[in-house]
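# A structural walkthrough
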Amino acid sequence: MVSLRCKMVVKQELQKLGLHYVNVDLGTIEILEDITDSQREQLRDNLKAYGLVLLGDKRKIMIEKIKAVIIEMIHYSDELPKVNYSNYIAEKLGYDYTYLANTFSEVKGITIQQFIIINKIERVKELLLYDELNLTEISYKLNYSSVAHLSNQFKKVTGLTPSFFKKLKKHRFGNLEDL
């Protein structure tokens, strides 16, 4: 689960099955009662209809928790943490960062740092499209050391400069407005 809407869907499906939850958070569900195999299968099928997956493998669950912490940190927090991301993630999940990083890399084939960069660039794209902040403000908001660092990372990931990306948006929406 990576959004509040996903959490609402999960809560709704749990209620349909008569299951009482303690907590539904990004990536985890705590249920009060024991869940039967048929209830688990029904929940899996119901969630699949919404494009959600019920995980059982502990490593996959850990990966989803890591992803959820990163996504929440970058996309849903007003401010990124001032501490190292590694310390933040380890503290949030209660595990040694080396263990988390090794597990993530083994399962996903990319590092946690690469996943963070990909998500930060997606957030930069969103903020550029909203056109409420300039590049300096976006750089500050996402804890980049400089606008140049953000621009270099943006170009490395997307193949475009932030200003060219912004021009593409204006060109694309400009054509729609002419219709």
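On a predicted model such as this, the values are computed, not experimentally measured, just so you know.

## Overview of the overall build of the protein chain
- Per the secondary structure count, the protein chain includes nine helices and two strands.
- Overall, the protein chain shows an N-to-C arrangement of helices and strands of α-β-β-α-α-α-α-α-α-α-α.
- Projected onto its principal axes, the C-alpha positions of the protein chain cover 55 × 50 × 25 Å.
- Looking at the protein chain as shown, the accessible area adds up to about 11300 Å², and 51% of this sits on carbon and sulfur atoms.
- For the protein chain, the centre of its 26 positive side-chain charges and the centre of its 23 negative side-chain charges are spaced 6 Å apart.

## Quick word on the environment of isoleucine 112
- Summarising the element assignment, isoleucine 112 is placed in helix H6 (residues 112-130).
- Isoleucine 112 sits in the buried class, given a relative accessible area of 1%.
- Here the alpha-carbon distance between isoleucine 112 and isoleucine 63, two residues 49 residues apart in the chain, equals 9.8 Å.
- Dropping the residues within four chain positions of it, isoleucine 112 is found in contact with Ile66, Ile70, Ile89, Tyr97, Leu100, Ala101 and Phe104.

## Observations concerning the packing of H6 against helix H8 (residues 147-158)
- Look at H6 against H8: their axes get within 10 Å of each other, and the N-to-C directions meet at 105 degrees. As far as their axial angle goes, H8 and H6 are roughly perpendicular. On H8, the residues touching Ile117, Ile121, Val124, Lys125 and Leu128 of H6 are Leu150, Gln153, Phe154, Val157 and Thr158.
- Across the contact of H6 with H8, the residue classes break down as seven nonpolar, two polar and one charged.

## Considerations on the pattern of salt bridges
- Summed over all chains, the structure comprises seven salt bridges.
- Here lysine 16 and glutamate 13 are joined by a salt bridge, their closest N and O atoms 3.1 Å apart. Taken as a pair, lysine 16 and glutamate 13 lie in helix H1 (residues 4-16) at a separation of three residues, close to a single helical turn.
- Residue lysine 16 is classed as exposed on the basis of its relative accessible area of 55%.
- Residue classification places glutamate 13 among the buried positions, given a relative accessible area of 2%.
- As a salt-bridge pair, glutamate 106 and arginine 59 come within 2.9 Å of each other at their nearest N and O atoms. Taken together, the residues span a long stretch of sequence, with glutamate 106 in helix H5 (residues 97-108) and arginine 59 in helix H3 (residues 58-76) at a distance of 47 residues.
- By relative accessible area, which is 57% here, glutamate 106 ends up exposed.

## A few points about the side chain of glutamate 13
- Within polar-contact distance, the side chain of glutamate 13 engages the side chain of lysine 16 at 3.1 Å.
- Not counting the four nearest positions on each side in its chain, glutamate 13 is found in contact with Leu43, Asn46, Leu47 and Tyr50.

## Some thoughts on the packing of H1 against helix H2 (residues 37-48)
- Direction vectors running N to C along H1 and H2 enclose 140 degrees, while the axes themselves pass 10 Å from each other. Taken together, the axes of H1 and H2 are oblique relative to one another. Crossing hand, H1 versus H2: right-handed. Contacts between H1 and H2 involve Val9, Val10, Glu13 and Leu14 on the former and, on the latter, Leu43, Asn46 and Leu47.
- Among the residues forming the contact of H1 with H2, the class breakdown is five nonpolar, one polar and one charged.

## As for the confidence of the model for the protein chain
- In this model, the protein chain carries a mean pLDDT of 88, and residues with pLDDT of at least 70 account for 91%.
- Taken element by element, the protein chain is modelled with least confidence in helix H9 (residues 162-178), mean pLDDT 71, and with most confidence in H8, mean pLDDT 97.
- Within the model, pLDDT remains below 50 along residues 175-179, and this stretch shows zero contacts once partners closer than five positions in the same chain are excluded.

About the thresholds
Residues numbered from 1 in each chain as written. Predicted model: local features only at pLDDT ≥ 70, side-chain atom pairs only at ≥ 80, totals over all residues. Heavy atoms only, no water. Helix = DSSP H or I, 4+ residues; strand = E, 2+ residues; numbered from the N terminus. Areas by Shrake-Rupley, 256 points an atom, 1.4 Å probe, with all protein chains shown as cover. Lys, Arg positive; Asp, Glu negative; His and termini not counted. Charge placed at Lys NZ, Arg CZ, Asp CG, Glu CD. Buried < 20%, exposed > 50% of the residue type's maximum accessible area, 1.4 Å probe, protein only. Contact = heavy atoms within 4.5 Å. Axes fitted to C-alpha atoms, helices over the stretch in contact; angles between N-to-C directions. Parallel < 35°, antiparallel > 145°, perpendicular 65-115°, else oblique. Nonpolar A, V, L, I, M, F, W, Y, C, P; charged D, E, K, R; others polar. Salt bridge = Lys/Arg side-chain N within 4 Å of Asp/Glu carboxyl O. Polar contact = N/O pair within 3.5 Å; in protein donor to acceptor, adjacent residues only side chain to side chain. Left-handed = near helix turned anticlockwise from the far one by under 90°. pLDDT = per-residue confidence, 0-100.

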